[in-house]
Amino acid sequence: MKILIVDDVQEYLDSMTRALREHEVVQATTLGEAKQNIDETIDVVLADVRLSEEDPANRDGVRLLKWTKEEFPSIPVIVMSAYRDHDAAVDAVNLGAERYLKKPISLRELNDLIDELQTSEA
């Protein structure tokens, strides 16, 4: 599978990339960069809710989810966050997120979820 991981923390991107090494991984750190990388070849988007730690109101991951569902409705989007933001979780689910994961994410759970999505695509 080709997975786009969107997070503003490079160390987290690298850790997730290593965990998903059986797949082709594309990284992005901003909303704009993520949009540039999404096309028909992406199988799954994994996006952090907050793509700027300096701005507590930042919800670019939810904006990316909404945009992806409008432009590429068949691409599953998994949203993740380290923050307790009930409104973001509700928005993500209502906008069609495949799942909302709380950071730190269990890498085993993530791999199981990716396997589940891969099986459902087949």
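Each chain has its residues counted from 1, following the order in which its sequence is written. Where local features are concerned, this predicted model is filtered to residues with pLDDT of at least 70; where side-chain atom pairs are given and counted, the filter is 80 or more; whole-chain, interface and lining totals use all residues. Side-chain numbers come from the whole structure's heavy atoms, not from hydrogens or water.

Draft legend 1. Broad picture of a negative patch on the surface. Think of a patch as exposed residues, more than 30% relative accessible area, with no salt bridge, where like charges cluster within 9 Å and nonpolar side chains (Val, Leu, Ile, Met, Phe, Trp, Tyr) cluster within 5 Å. For the area figures, the Shrake-Rupley method with a 1.4 Å probe applies, and any residue is considered shielded solely by the protein chains shown. The salt bridge definition used is simple: a Lys or Arg side-chain nitrogen within 4 Å of an Asp or Glu carboxyl oxygen. The convention is simple: Lys and Arg are positive, Asp and Glu are negative, and His and the chain ends are not counted. The atoms used to mark charge sites are NZ of Lys, CZ of Arg, CG of Asp and CD of Glu. On the surface, E22, E109, D112 and D115 cluster together to form a negatively charged patch. Only DSSP runs of H or I reaching four residues or more are called helices, and only runs of E reaching two or more are called strands; each is numbered from the N terminus. Relative to the helices and strands, E109 resides in helix α5 (residues 107-121).

Draft legend 2. Inspection of the sheet that holds strand β3 (residues 44-48) at higher detail. Think of it this way: DSSP has to see at least two bridges between two strands before they count as a pair. Here 5 strands make up an open sheet; going across it, the order is β2-β1-β3-β4-β5 and the pairing parallel. Lying at the two open borders of the sheet, with one neighbouring strand each, are β2 (24-28) and β5 (99-102). Recorded for the sheet is a direction-independent mean angle of 20° between the axes of neighbouring strands. Where β3 meets strand β4 (residues 77-81), 4 bridges bridge the pair, whose relative direction is parallel. Bridge assignment links A47 to a residue of β4, and that residue is V79. The contact criterion used throughout is that any non-hydrogen atoms of two residues lie within 4.5 Å. Interaxial angles span 0 to 180 degrees and are taken between N-to-C directions of axes, which are lines fitted to C-alpha atoms, for helices over the stretch in contact. The sheet contacts of helix α1 (residues 10-19) involve β1 (2-6), β2, β3 and β4, and relative to β2 the element is tilted by about 170°.

Draft legend 3. View of the environment of A34. Here A34 shows up in helix α2 (residues 31-37). The spacing of A34 and I5 is 29 residues in sequence and 8.3 Å in space, taken between C-alpha atoms. Setting aside residues up to four positions removed in sequence, A34 forms contacts with L4, V6, A28 and L64.

Draft legend 4. Quick look at the nonpolar core. We define a nonpolar core as any set of buried Ala, Val, Leu, Ile, Met, Phe, Trp, Tyr and Cys residues linked to one another through side-chain atoms lying within 4.5 Å. Accessible area is worked out with a 1.4 Å probe on protein chains only. A residue is then buried under 20% of its type maximum, exposed over 50%, and partly exposed in between. Among the nonpolar cores identified, the biggest contains 23 residues, and L4, V6, I38, V45, L64 and V79 are the most heavily contacted of them. Sorting the residues of this core by element identifies β1, β2, α2, β3, α3 (60-71), β4 and α4 (86-94) as the ones contributing at least two each. Sort the elements by how many residues they give to this core and α3 lands first, with 4 residues. Other than its neighbours up to four places away in sequence, V6 contacts L13, A28, T30, A34, V45, L46, A47, D48, L51, L64 and M80.

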